[in-house]
Amino acid sequence: MVGTATMPLLTVEHLTMRFGGLVAIDDLSFVANKGEITAIIGPNGAGKTTVFNCITGFYKPTGGRLVLSLGGAAMPADVAALTGSGRRFRNTAAGAVFLLERMPDHEIAARARVARTFQNIRLFPGMTVLENLIVAQHNALMAASGWTVLGLLGAKRYVAAEAAAVERATFWLDKVALTDRADDPAGDSGELTQFLKSIQAEHGTSILLIEHDMSVVMEISNHVVVLEYGQKISDGTPEHVRTDPKVVAAYLGVEDEEVERVEAEIAT
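About the cut-offs
- Residues numbered from 1 in each chain as written.
- Predicted model: local features only at pLDDT ≥ 70, side-chain atom pairs only at ≥ 80, totals over all residues.
- Heavy atoms only, no water.
- Core = buried A, V, L, I, M, F, W, Y, C linked by side-chain atoms within 4.5 Å.
- Buried < 20%, exposed > 50% of the residue type's maximum accessible area, 1.4 Å probe, protein only.
- Helix = DSSP H or I, 4+ residues; strand = E, 2+ residues; numbered from the N terminus.
- Contact = heavy atoms within 4.5 Å.
- Pairing = 2+ DSSP bridges.
- Axes fitted to C-alpha atoms, helices over the stretch in contact; angles between N-to-C directions.
- Lys, Arg positive; Asp, Glu negative; His and termini not counted.
- Salt bridge = Lys/Arg side-chain N within 4 Å of Asp/Glu carboxyl O.
- Polar contact = N/O pair within 3.5 Å; in protein donor to acceptor, adjacent residues only side chain to side chain.
- pLDDT = per-residue confidence, 0-100.

This next bit is on the nonpolar core. Grouped together as the largest cluster of nonpolar side chains are 27 residues, with contacts concentrated most on Leu15, Val51, Phe98 and Leu100. Elements supplying a minimum of two residues to this core: strand 1 (8-19), strand 2 (22-33), helix 1 (48-55), strand 4 (63-69), strand 6 (95-99) and strand 8 (223-228). For this core, the leading source of residues is strand 1, giving five residues. Filtering out sequence-adjacent residues up to four positions away, Leu100 remains in contact with Leu10, Ile55, Lys60, Leu66, Leu68, Ile108 and Ala112. Within the second largest apolar cluster, 16 residues are counted, among which are Ala39, Leu196, Ile207 and Val226.

Shown next, in the form of structure tokens:
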């Protein structure tokens, strides 16, 4: 196991995703442990986003299993009692288990509590930090408006939802010590690394991360999985991955026969 945690949270087993004749993910297996930050890295086109899309239900895998294990925590009774849910999620002696590849995307979010942000954090730089966090709650606010113009008309339900959104946004700004910068333009805030580490440390949140900045990956990750052309070429600690000749070769774009030369250069 990677890191100090030994409890698997997400187990990816032989994940395969094909689009016609194109194999985007080819027999991928790895484990993300509870309470750790696991990074998935690789050159452009390696299949990183496709893995996320499979885990979150946006794509249905061609093959393989995606098992989310809560490890000692039972799922709520109303979830476990759903008709026919045994094929998708169930309580076991070890805790709740969700078979994500069998679940629709809305169920993965609502039942398995898997949340996703986007690979490119598209902030609205001209809006304040607080306003961006309120916009992030767009779905809840639109639902409160009945997906109509009730929000513009000041409907009580929408006003209450908006107040709750502001309260939630303020809570998280306080958590990451950005309350004093709530009214600053979002384009001026760059505290992502500290934010992710604080979430992990304070809430025990497990994070699966796609990040192109290798300095960030090496600083905050407990575990790194490296993809190239949909296949795993390395899996281990940041220290292991940093010096893996296959990883160096993939990022440098060298051919397979040159890997030994790269390895020799690293050794010297």
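And the narrative resumes.
This next bit is on the sheet that holds strand 3 (residues 37-41). Spatially, four strands are ordered 7-3-8-9 in an open sheet, and the strand pairing comes out mixed. Only two strands of the sheet have a single neighbouring strand rather than two, namely strand 7 (207-210) and strand 9 (231-236). Within this sheet the neighbouring strands show an average axis-to-axis angle of 20 degrees, counted without direction. Summarising the sheet, strand 3 and strand 8 pair through four bridges and their orientation is parallel. Residue pairing in the sheet places Thr38 in a bridge with His223 of strand 8. Of the strands in this sheet, strand 3, strand 7 and strand 8 are in contact with helix 1, which crosses strand 7 at around 150 degrees.

To continue, consider helix 1. Counting buried positions over the eight residues of helix 1 gives seven, a clear majority of the element. For helix 1, the complete set of buried residues consists of Lys48, Thr50, Val51, Phe52, Asn53, Cys54 and Ile55. Of the residues one or two after helix 1, Gly57 is the one with positive phi, at around 90 degrees.

The next subject is the side chain of Asp244. Position of Asp244 relative to the elements: it lies in the loop between helix 9 (238-242) and helix 10 (245-252). The buried charged residue Asp244 lacks any salt bridge partner; its closest oppositely charged side chain belongs to Lys246, at an N-O distance of 6.4 Å. A polar contact is formed between the side chain of Asp244 and the side chain of Ser234, at a distance of 2.8 Å.

Attention shifts here to the pairing of strand 2. Looking along a regular strand, one sees the side chains alternate between the two faces of the sheet. Summarising the sheet, strand 1 and strand 2 pair through eight bridges and their orientation is antiparallel. Paired with Leu10 across the bridge in strand 2 is Ala32. The turn joining strand 1 and strand 2, which pair antiparallel and follow one another in sequence, is formed by two residues; a positive phi near 65 degrees is taken by Gly20.

Below, the discussion takes up the environment of Gly45. Along the chain, Gly45 turns up in the loop between strand 3 and helix 1. Under the relative-accessibility criterion, Gly45 is labelled exposed at 69%. For the pair Gly45 and Gly230, spaced 185 residues apart in the sequence, the C-alpha separation amounts to 8.1 Å.

Next up on the list: unusual backbone geometry. In this structure, His14 takes a positive phi of about 50 degrees despite not being glycine. The residue His14 is located in strand 1 in this model.

What follows concerns the environment of Leu141. One can find Leu141 in helix 5 (residues 138-144). In this structure, the C-alpha to C-alpha distance between Leu141 and Glu162, residues 21 residues apart in sequence, is 6.5 Å. For Leu141, the residues in contact, after removing those within four places along its chain, are Ile134, Tyr158, Ala161, Glu162 and Ala165.

A word on the pattern of salt bridges. Close approach of charged atoms allows side chains with opposite charge to pair. This structure, assessed with the given rule, holds four salt bridges. For Glu101, the salt bridge identified is with Arg102, shortest N-O distance 3.8 Å. Between Lys232 and Asp235 there is a salt bridge, with the nearest N and O atoms lying 3.2 Å from each other. Looking at Lys232, the relative accessible area reads 36%, which means it is partly exposed.

Strand order in this open sheet of five strands is 2-1-4-6-5, and the pairing throughout is antiparallel. With one partner strand each, in any of the chains shown, strand 2 and strand 5 (89-92) form the two edges of the open sheet. Strand-to-strand, the axes of this sheet are offset by a mean angle of 20 degrees, without reference to chain direction. Looking at chain direction, strand 1 and strand 4 are connected through five bridges and run antiparallel. Across the sheet, Thr16 pairs through a bridge with Gly63, a residue of strand 4. Along the sheet, helix 1 makes contact with strand 1, strand 2 and strand 4, crossing strand 1 at roughly 115 degrees.

Per-residue confidence for the protein chain gives a mean pLDDT of 79, with 79% of residues at or over 70. Taken element by element, the predicted model of the protein chain shows its lowest mean pLDDT in helix 2 (residues 77-80) (55) and its highest in strand 2 (95). Confidence drops under a pLDDT of 50 for residues 1-5, and excluding neighbours within four residues, the segment shows 14 contacts in the predicted structure.

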